[in-house]
Amino acid sequence: MQSILQVYAEFKLMLGRDYGLTEDLLHVHAGLIIFFLAAILSRQRIRSPVPIVIVYALAIMNEMVDLLTPGKSAGAFEPVADILNTVVWPSLLFLLARRRISRERTSGGNESPVADPPPA
């Protein structure tokens, strides 16, 4: 089990090193990639709770793995910051998609995408 954790930790370090990305930026990109892949693979829209739940679950699992990885020291708030970096943009996209659907329901879906022509 420890070797799997070590390989995973080394893979994340390699990504940052080879592509010049900080750990925070890796979390942001990973969150967005997971969000869209979860929507595509589950065949759900981004307004569905399924993709966002997957992002939160994987973000928490990643931090649990980081805590179990030998030799990995973290500050008191680093896991919280990592989770926030992972979920903030997917959460905002999810909320925006949900806001759009709630507006459509309250307006009855009668909004025209094109303004009415001026009276002749």
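Owing to the predicted nature of the structure, the values given are computational and were not obtained by experimental measurement. (Residues numbered from 1 in each chain as written. Predicted model: local features only at pLDDT ≥ 70, side-chain atom pairs only at ≥ 80, totals over all residues. Heavy atoms only, no water.)

> How would you explain the overall build of the protein if you had to name every residue and give the values?
A count of helices and strands for the protein gives four helices and zero strands. Secondary structure elements in the protein, listed N-terminal to C-terminal, are α-α-α-α. Nonlocal contacts in the protein, meaning residues at least 24 apart in sequence, comprise 67% of its contacts between residues at least 6 apart. Summing over all exposed atoms, the protein offers an accessible surface of approximately 8800 Å²; the carbon and sulfur share of this is 67%. (Helix = DSSP H or I, 4+ residues; strand = E, 2+ residues; numbered from the N terminus. Contact = heavy atoms within 4.5 Å. Areas by Shrake-Rupley, 256 points an atom, 1.4 Å probe, with all protein chains shown as cover.)

> Give a description of the side chain of T86 that names residues and reports values.
Take T86: it is sitting in helix α4 (residues 78-107). A distance of 2.9 Å separates a polar atom in the side chain of T86 from a polar atom in the side chain of H27. Side-chain polar atoms of T86 contact the backbone oxygen of D82, separated by 2.8 Å. (Polar contact = N/O pair within 3.5 Å; in protein donor to acceptor, adjacent residues only side chain to side chain.)

> Residue-level account of the confidence of the model for the protein, with values.
Averaged over the protein, the pLDDT score is 84; the fraction of residues at 70 or greater is 79%. For the protein, per-element mean pLDDT is lowest for helix α1 (residues 2-19), which scores 82, and highest for helix α2 (residues 23-42), which scores 94. (pLDDT = per-residue confidence, 0-100.)

> Which residues make up helix α3 (residues 49-68), and what values go with them?
Its 20 residues place the ends of α3 29 Å apart at the C-alpha level, agreeing with the 28 Å of an ideal helix rising 1.5 Å per residue. Those residues of α3 that fall on the buried side of the exposure criterion are P51, I52, V55, A59, N62, E63 and D66. Within α3, the buried residues cover an arc of 110 degrees as seen down the axis, which keeps them to one side. Within α3, the exposed residues directed more than 90 degrees away from the buried face are V53, L67 and L68. The opening residue of α3 is S48, an N-cap whose side-chain oxygen sits 3.2 Å from the backbone nitrogen of V50. (Expected span 1.5 Å × (residues − 1). Buried < 20%, exposed > 50% of the residue type's maximum accessible area, 1.4 Å probe, protein only. Arc of directions from axis to C-beta.)

> Any details on the nonpolar core? Residues and values, ideally.
Core analysis: the biggest nonpolar cluster contains six residues, these being F35, I52, V55, A59, V87 and F94. Ranked by residue count, the leading element in this core is α3, at three residues. Excluding its chain neighbours within four sequence positions, the residues that come into contact with I52 are F35, P90, S91 and F94. (Core = buried A, V, L, I, M, F, W, Y, C linked by side-chain atoms within 4.5 Å.)

> Which residues make up the packing of α2 against α3, and what are the values?
Here α2 crosses α3 at 140 degrees, and the two axes come no closer than 8 Å. The orientation of α2 relative to α3 falls into the category oblique. α3 is crossed by α2, and the crossing has right-handed handedness. Counting all contacts with α2, which are made through E23, H27, G31, I34, F35, A38, A39 and S42, the residues of α3 involved are V50, P51, I52, I54, V55, L58, N62, E63 and D66. When its residues are assigned to classes, the contact of α2 with α3 shows 10 nonpolar, four polar and three charged. (Axes fitted to C-alpha atoms, helices over the stretch in contact; angles between N-to-C directions. Parallel < 35°, antiparallel > 145°, perpendicular 65-115°, else oblique. Left-handed = near helix turned anticlockwise from the far one by under 90°. Nonpolar A, V, L, I, M, F, W, Y, C, P; charged D, E, K, R; others polar.)

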